[in-house]
Amino acid sequence: HTHTHTASPMSSFGTLFRVTTFGESHCQGVGVVIDGVPPRLALTEKDIQPQLTRRRPGQSALTTPRDEKDRVNILSGTEHGVTLGTPIALFVKNEDQRPKDYSTMNEYPRPSHADYTYQAKYGVRASSGGGRSSARETIGRVAAGAVAEKWLKETFDTDIVAWVSSVGTEDESHTYDHSLLTRQDIDATDVRCAVPGDAPRFRTAIETARDESDSIGGVVTVLCRNVPAGWGEPCFDKMEALLAHAMLSIPATKGFEIGSGFAGTRMRGSAHNDAFVFRDGVLRTRTNRSGGVQGGITNGEDIVVRVAFKPPATIGREQVTSKFDGSEGVLENKGRHDPCVVPRAVPIVEAMAALVLADTALIQLARQHTSAGAGDAGGAEARAHTGGDEHSHQSMATKLHRTQQQLAELQQQQQQ
């Protein structure tokens with residue numbers, strides 16, 4: 001008997017806010033289906049297009065010259081500019097494919113690319129453009145992330161901003177208050193760094209690699225502000241575990257850090273611990289080496305994540321390598337590519353952070369709603385057995401009222 005694998009689809013991500021991307025680099029187009037978007041959220045293409053424009057190729061001399069406008073179309077899930085609560089389908093047409101650039105490479109698995117592994121897994125592969133392993137796949141992620149981000153902003157005032165914090169061996173200067181950064185600040189330079197004075201160094205590093213028909217890697221840092229405490233699910237769906245899953249699913253990623261990251265291993269606990277302080281009526285931490293997450297659950301501080309991107313595998317210079325048949329040859333790539341992906345990866349990292357936060361937010365809201373209902377039923381049963389406990393009843397009623405108030409406020413914000 002043939003065994004059927006029943007795991008979750010490999011192109012889907014999320015639990016309640018669930019996205020499924022589709023399309024290849026050189027097919028008719030790419031897109032995403034989003035399930036779980038709350039109803040009555042104002043949404044049009046104008047809410048999604050800015051992030052896709054930040055991601056699109058051909059936007060500067062530092063990116064691939066492939067000329068795609070990446071115009072998004074909403075196919076379903078909205079009416080009169082408002083979400084219906086049904087699946088939202090978004091589509092972007094491919095307009096500047098050049099399959100002929102890959103015709104001479106069919107004999108070769110490109111070094112450090114996905115040609116060989118896709119062939120080994122499926123027995124077939126996309127003959128040009130990299131197929132699903134191409135960065136074109138991330139269009140669906142960015143489009144879905146823009147929707148998630150809009151809901152997060154309107155519901156919780158959550159704000160997400162990412163920037164390039166290193167290129168090759170060039171690291172950012174630590175002379176800027178990152179907590180005040182805006183996307184306008186980041187987009188002020190073509191390398192999308194936080195400190196404008198770092199741009200010439202980062203740009204030179206990318207241009208040097210490009211002019212030598214080579215590539216270079218880098219790091220993107222993302223900051224998530226105004227994230228309420230309580231998001232994230234112990235033990236295997238911890239917030240940092242979900243963020244790592246999301247970030248390391250982006251093409252070309254090789255590393256993930258949160259908070260102090262690997263540098264924290266060089267510290268002692270007495271120096272690393274984030275002491276609590278009571279500020280504005282709530283517990284906060286004096287420092288944020290935890291990166292906004294403790295025990296896998298958000299603590300109300302900013303989430304700080306860093307994602308490492310390798311040098312792009314596709315380079316212009318000749319490479320001595322083996323063909324699929326085992327014979328040695330010289331491969332010269334002719335496809336268009338980025339000499340460094342991190343400037344265009346910024347909105348992709350923001351999108352994946354938004355998808356994780358939207359999903360965990362909906363899970364937490366569902367838990368609060370369920371707990372409120374279960375608490376009410378449990379309290380009634382307890383009173384039947386014990387004759388009632390006035391203190392417990394008041395406590396339960398207060399908790400139920402608070403939860404109902406939160407859900408009512410959420411619904412009102414969505415209607416606005």
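Residues numbered from 1 in each chain as written. Predicted model: local features only at pLDDT ≥ 70, side-chain atom pairs only at ≥ 80, totals over all residues. Heavy atoms only, no water.

Colleague: Looking at this structure, I do not really get the sheet that holds strand β7 (residues 88-93). What am I missing?
Modeller: Where strands meet in a sheet, backbone hydrogen bonds hold them as pairs that are either parallel or antiparallel. Spatially, 5 strands are ordered β1-β2-β3-β7-β4 in an open sheet, and the strand pairing comes out antiparallel. Because the sheet does not close on itself, it has two edges, and the strands there are β1 (12-13) and β4 (72-76). By the bridge criterion, 6 bridges tie strand β3 (residues 29-35) to β7 in an arrangement that is antiparallel. Paired with V30 across the bridge in β7 is V92. (Pairing = 2+ DSSP bridges. Helix = DSSP H or I, 4+ residues; strand = E, 2+ residues; numbered from the N terminus.)

Colleague: I tried to follow unusual backbone geometry on my own but got confused; where do I start?
Modeller: Leaving glycine out, the prevailing phi sign among residues is negative, and the prevailing peptide bond configuration is trans. Cis peptide bonds are those with omega within 30 degrees of zero, and the linkage from P234 to C235 qualifies with 0 degrees. Relative to the helices and strands, C235 is located in the loop between β10 (218-225) and α6 (239-248). Residue S112 is not a glycine yet carries a positive backbone phi of 60 degrees. Looking at the element boundaries, S112 is found in the loop between β7 and α2 (115-122). The phi angle at R192 is positive, at roughly 55 degrees, despite the residue not being glycine. If you trace the backbone, R192 turns up in the loop between α4 (183-186) and α5 (199-211). Judged by its relative accessible area of 6%, R192 is buried. (Buried < 20%, exposed > 50% of the residue type's maximum accessible area, 1.4 Å probe, protein only.)

Colleague: Explanation requested: the side chain of R344 in the structure shown.
Modeller: Its place among the elements puts R344 in helix α8 (residues 342-386). R344 gets classed as buried once you look at its relative accessible area, which sits at 9%. Separated by 2.7 Å, the side chain of R344 and the backbone oxygen of R55 make a polar contact. (Polar contact = N/O pair within 3.5 Å; in protein donor to acceptor, adjacent residues only side chain to side chain.)

Colleague: What should I look at first to understand the pattern of salt bridges in this one?
Modeller: Any two side chains of opposite charge can pair if their charged atoms end up close together. In the structure shown here, the tally under the stated rule is 23 salt bridges. Its salt-bridge partner being D198, residue R201 comes within 2.8 Å of it at the nearest N-O pair. By sharing partners, the salt bridges in this structure join R54, E149, R183, D187, R192 and E350 into a single network. (Salt bridge = Lys/Arg side-chain N within 4 Å of Asp/Glu carboxyl O.)

Colleague: Can you walk me through the nonpolar core in this structure?
Modeller: Here is a general trend for soluble globular proteins: nonpolar side chains tend to be buried in one another's company. Counting 75 residues, the largest nonpolar core has F17, I34, I48, L90, M247 and I303 as the members making the most contacts within it. In terms of residue count, the dominant contributor to this core is α8 (16 residues). Not counting residues within four places of it along the chain, the set of residues in contact with I48 comprises L43, V72, I74, L90, A143, A146 and V147. V161, W163, V195 and V304 belong to the second largest nonpolar core, which has 8 residues in total. (Core = buried A, V, L, I, M, F, W, Y, C linked by side-chain atoms within 4.5 Å. Contact = heavy atoms within 4.5 Å.)

Colleague: Which parts of the structure should I look at to understand the environment of M10?
Modeller: Tracing the backbone shows M10 in the segment before β1. On the basis of relative accessible area, M10 is assigned to the exposed category, the value being 67%.

Colleague: Would you explain the packing of aromatic side chains in this entry?
Modeller: What characterises a pair of aromatic rings is the spacing of the ring centres plus the angle enclosed by the ring planes. Tallying each qualifying case throughout the model produces 4 aromatic pairs. Aromatic pair Y118 and Y122: ring centres 5.8 Å apart, planes at 55 degrees, arrangement tilted. Here Y122 and Y118 lie together in helix α2, a separation of 4 residues that amounts to about one turn. The class of Y118 is partly exposed, set by a relative accessible area of 28%. Y122 sits in the partly exposed class, given a relative accessible area of 41%. A ring pair is formed by W151 and F156, whose centres lie 5.6 Å apart and whose planes are at 85 degrees; its orientation type is edge-to-face. On the basis of relative accessible area, W151 is assigned to the buried category, the value being 1%. Every member of this aromatic cluster is reached through a ring pair, and the members are W151, F156 and W231. Over the aromatic face of Y122 sits the side chain of K121, whose NZ or CZ is 5.7 Å from the ring centroid. (Phe/Tyr/Trp six-rings, centres within 6.5 Å; stacked < 30°, edge-to-face > 60°. Lys NZ or Arg CZ within 6 Å of the ring centre and 35° of its normal.)

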